[in-house]
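Residue strings, one per chain:
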Amino acid sequence: MGRFILRRAAQGVIVIFGVVLVVFVVTRLIGDPVDLMLPLEATPEERAAFEATLGLDRPILVQLGDFGQSALQLDLGDSLWQGRPAIDIIAEALPRTMVLVAVALTIAVVFGVPIGIYASLNPGSWIDRLLVGGSLLGLSIPQFWLGLMLILIFGVQLGWFPTSGYGTWQHIVLPAFTLALPAMGRIVMMVRSTMIDEMHMPYVETSEAKGMPRWRTVFVHAFRNASIPVTTLIGWEFIRAMAGYSVVVETVFAWPGIGFMSINAINQQDLILLQAIVFVVAIIVVLINFLMDFIYMAIDPRIKVEA
């Protein structure tokens with residue numbers, strides 16, 4: 001177990017360093033923050049002084065080394081746009097995104113898993129075709145269009161929910177459903193396919209032949225064996241949303257999360273804030289992958305860390 005943890009920790013450090021290195025270099029190629037922060041009439045001397053203040057006059061490798069050393073101390077620099085520590089800005093926005101993603105995935109799992117199981121128990125029936133068609137429809141609808149339609153219907157015309165912002169539980173309903181629909185469709189399809197395979201396994205036929213109740217065969221035995229790929233998909237959906245796919249939803253609903261903050265940092269060419277966001281998100285992704293390994297072992301004791 002100890003070697004497994006050390007090995008995964010080393011892999012995580014390499015991944016985080018690689019991501020930060022790429023973003024660090026790319027963000028310095030897409031624009032010059034000096035042009036954005038200083039007026040057009042700034043003199044060359046003022047530009048040079050401002051570059052020296054930001055440390056942009058030094059070689060990139062030196063800047064990268066300084067950033068890495070500061071990151072180890074959780075000092076990710078001050079935002080060029082807001083003039084505050086980047087870690088404070090992230091600490092405000094990150095919990096909002098995690099709440100949105102958690103609520104959306106809860107909706108997707110609570111509805112997607114039972115629908116997928118029910119469809120797998122009636123393969124080829126009209127209800128199965130209806131559920132599969134609905135899942136494909138949910139996967140096909142663009143999130144920005146769905147979000148705008150929900151705002152138009154439930155926010156503007158009916159007035160049931162706020163159209164944007166953050167603060168009450170009403171604010172989270174529309175963006176959470178918008179983010180949950182594609183994930184729900186993928187979960188339904190995954191649960192359906194894996195459960196159909198499991199229901200044709202010999203142990204299912206044996207348990208039914210022995211008179212075991214069907215609900216116990218389905219939920220205790222078949223679904224537990226099918227839950228490994230489903231768990232992988234749920235973890236991937238969480239990582240996918242945290243790593244950037246929530247940006248569209250947060251932008252449409254003006255949800256002040258990490259994705260919305262990333263878009264603003266790009267628009268403002270705030271390199272310090274952008275690389276800090278990527279650094280924090282990379283750590284979250286590594287930790288989620290690390291946690292998934294232990295969830296696998298809890299679901300199936302046959303999985304060993306040495307493997």
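Counting restarts for each chain: residues are numbered from 1 in the order of the written sequence. Where totals are concerned, whole chains, interfaces and linings use all residues; where local detail is concerned, this predicted model gives features only for residues with pLDDT of at least 70, and gives and counts side-chain atom pairs only at 80 or more. Excluded from the side-chain calculation are hydrogens and water; included are all heavy atoms of the structure.

(A) Up close: the overall build of the chain. Runs of E in the DSSP output that reach at least two residues are strands. Runs of H or I that reach at least four are helices, and both are numbered from the N terminus. Along the backbone of the chain there are 13 helices and 0 strands. For the chain, the succession of helices and strands along the chain, N to C, is α-α-α-α-α-α-α-α-α-α-α-α-α. Principal-axis analysis of the C-alpha atoms gives the chain an extent of 85 × 60 × 30 Å. In the chain, which comprises 307 residues, the share counted as buried stands at 41%. Within the chain, counting contacts between residues at least 6 apart in sequence, those at least 24 apart form 74% of the total. For every accessible area listed, the method is Shrake-Rupley and the probe measures 1.4 Å; residues are considered covered only by the protein chains on display. Surface exposure of the chain reaches about 16,400 Å², of which carbon and sulfur atoms provide 69%. The averaged location of the 23 negative side-chain charges in the chain is 16 Å from the averaged location of its 18 positive side-chain charges. Burial classes: relative accessible area under 20% of the type maximum marks a residue as buried, over 50% as exposed, and values in between as partly exposed (1.4 Å probe, protein chains only). What makes two residues a contact is simply this: any of their non-hydrogen atoms within 4.5 Å. Neither His nor the chain ends is counted toward charge; the positive residues are Lys and Arg and the negative residues Asp and Glu. Think of each charge as sitting on NZ of Lys, CZ of Arg, CG of Asp or CD of Glu.

(B) How the structure looks around the pattern of salt bridges. For this document, the term salt bridge refers to a Lys or Arg side-chain nitrogen within 4 Å of an Asp or Glu carboxyl oxygen. One pass over the structure, following the stated rule, counts 4 salt bridges. Taking the shortest distance from any N to any O, the salt bridge between Arg192 and Asp128 comes out at 2.7 Å. Taken as a pair, Arg192 in helix 8 (residues 169-199) and Asp128 in helix 6 (residues 126-140) lie far apart in primary sequence, 64 residues in all. Comparing Arg192 with Asp128 shows no difference in burial state: the two are buried. Bridged by salt links that share partners, the residues Arg186, Glu237 and Arg240 form one connected network.

(C) Fine view of the packing of aromatic side chains. Only Phe, Tyr and Trp rings are paired, with Trp represented by its six-membered ring, and only when their centres lie within 6.5 Å; those with planes under 30 degrees apart are stacked, over 60 edge-to-face, the remainder tilted. Using the criterion set out here, one finds 2 aromatic pairs in the structure. Here Tyr166 and Trp255 contribute two aromatic rings whose centre-to-centre distance is 5.0 Å and whose plane-to-plane angle is 85°, an arrangement assigned as edge-to-face. With a gap of 89 residues between them, Tyr166 in the loop between helix 7 (143-157) and helix 8 and Trp255 in the loop between helix 11 (247-252) and helix 12 (258-267) connect regions that are remote in the sequence. Given a relative accessible area of 1%, Trp255 falls into the buried group. By definition here, charges over rings are those cases where NZ of Lys or CZ of Arg is within 6 Å of the ring centre and within 35 degrees of the ring normal. Sitting over the ring of Tyr166, Arg96 keeps its end group 5.2 Å from the ring centre.

(D) Region of interest: helix 10 (residues 214-245). Under the 1.5 Å per step criterion, the end-to-end length of helix 10 is only 39 Å for 32 residues, more than 12% shorter than the ideal 46 Å. Think of it this way: the bend at a residue is just the angle between two axes, each fitted to seven residues, one set ending at that residue and the other starting at it. Phe223 marks the point of greatest bend in helix 10, at about 50°. Helix span, expected: 1.5 Å multiplied by one less than the number of residues in the helix.

(E) Structural detail: the nonpolar core. Residues Leu76, Ile90, Met195, Leu273 and Phe279 are the most contacted members of the largest nonpolar core, which totals 67 residues. Among the elements of the structure, helix 1 (2-27), helix 4 (60-72), helix 5 (86-121), helix 7, helix 8, helix 10, helix 12 and helix 13 (271-299) are those that each provide at least two residues to this core. The element that contributes the greatest number of residues to this core is helix 13, accounting for 14 residues. Filtering out sequence-adjacent residues up to four positions away, Ile90 remains in contact with Leu76, Pro95, Ile258, Leu273, Ala276, Ile277 and Val280. What we call a nonpolar core is a set of buried Ala, Val, Leu, Ile, Met, Phe, Trp, Tyr and Cys residues that are connected through their side-chain atoms within 4.5 Å.

(F) Broad picture of the confidence of the model for the chain. Here the chain averages 80 in pLDDT, and 91% of its residues register 70 or above. Across the chain, each position has a pLDDT score giving the predictor's confidence in that residue, from 0 to 100. Averaged pLDDT values over the elements of the chain bottom out at 65 in helix 2 (residues 33-37) and peak at 89 in helix 5.

(G) How the structure looks around the side chain of Thr97. With respect to the helices, strands and loops of the structure, Thr97 is situated in helix 5. In terms of polar contacts, Thr97 uses its side chain to reach the side chain of Glu250, at 2.7 Å. Discounting chain neighbours no more than four positions away, the residues touching Thr97 are Met242, Ser246, Glu250, Trp255, Gly257, Ile258 and Gly259. Any pair of nitrogen or oxygen atoms within 3.5 Å is treated as a polar contact; in protein, a donor-acceptor pairing is required on top of that, and neighbouring residues in sequence qualify only through side-chain atoms on both sides.

(H) Layout of a nonpolar patch on the surface. Only residues above 30% relative accessible area that lack a salt bridge enter a patch, with like-charged residues linked at up to 9 Å and the nonpolar side chains Val, Leu, Ile, Met, Phe, Trp and Tyr linked at up to 5 Å. A cluster of nonpolar residues, Leu152, Ile153, Val156, Leu158 and Trp160, forms a patch on the protein surface that exposes about 480 Å² of accessible area. Following the sequence through the fold, Ile153 ends up in helix 7. Here Ile153 falls in the partly exposed class, since its relative accessible area comes to 35%.

(I) Just the packing of helix 8 against helix 10, in detail. Axis lines are fitted to C-alpha atoms, over the contacting stretch for helices. Their N-to-C directions set the angle, which ranges from 0 to 180 degrees. Contact geometry for helix 8 and helix 10: axes closest at 9 Å, N-to-C directions at 145°. Here the hand of the crossing between helix 8 and helix 10 comes out right-handed. Residues are sorted three ways: Asp, Glu, Lys and Arg are charged, Ala, Val, Leu, Ile, Met, Phe, Trp, Tyr, Cys and Pro are nonpolar, and all the rest, Gly among them, are polar. Of the residues that constitute the contact of helix 8 with helix 10, the class distribution is 17 nonpolar, 2 polar and 5 charged. Crossing handedness: left-handed means the near helix sits turned counterclockwise from the far one by under a right angle, and right-handed means the same turn made clockwise.

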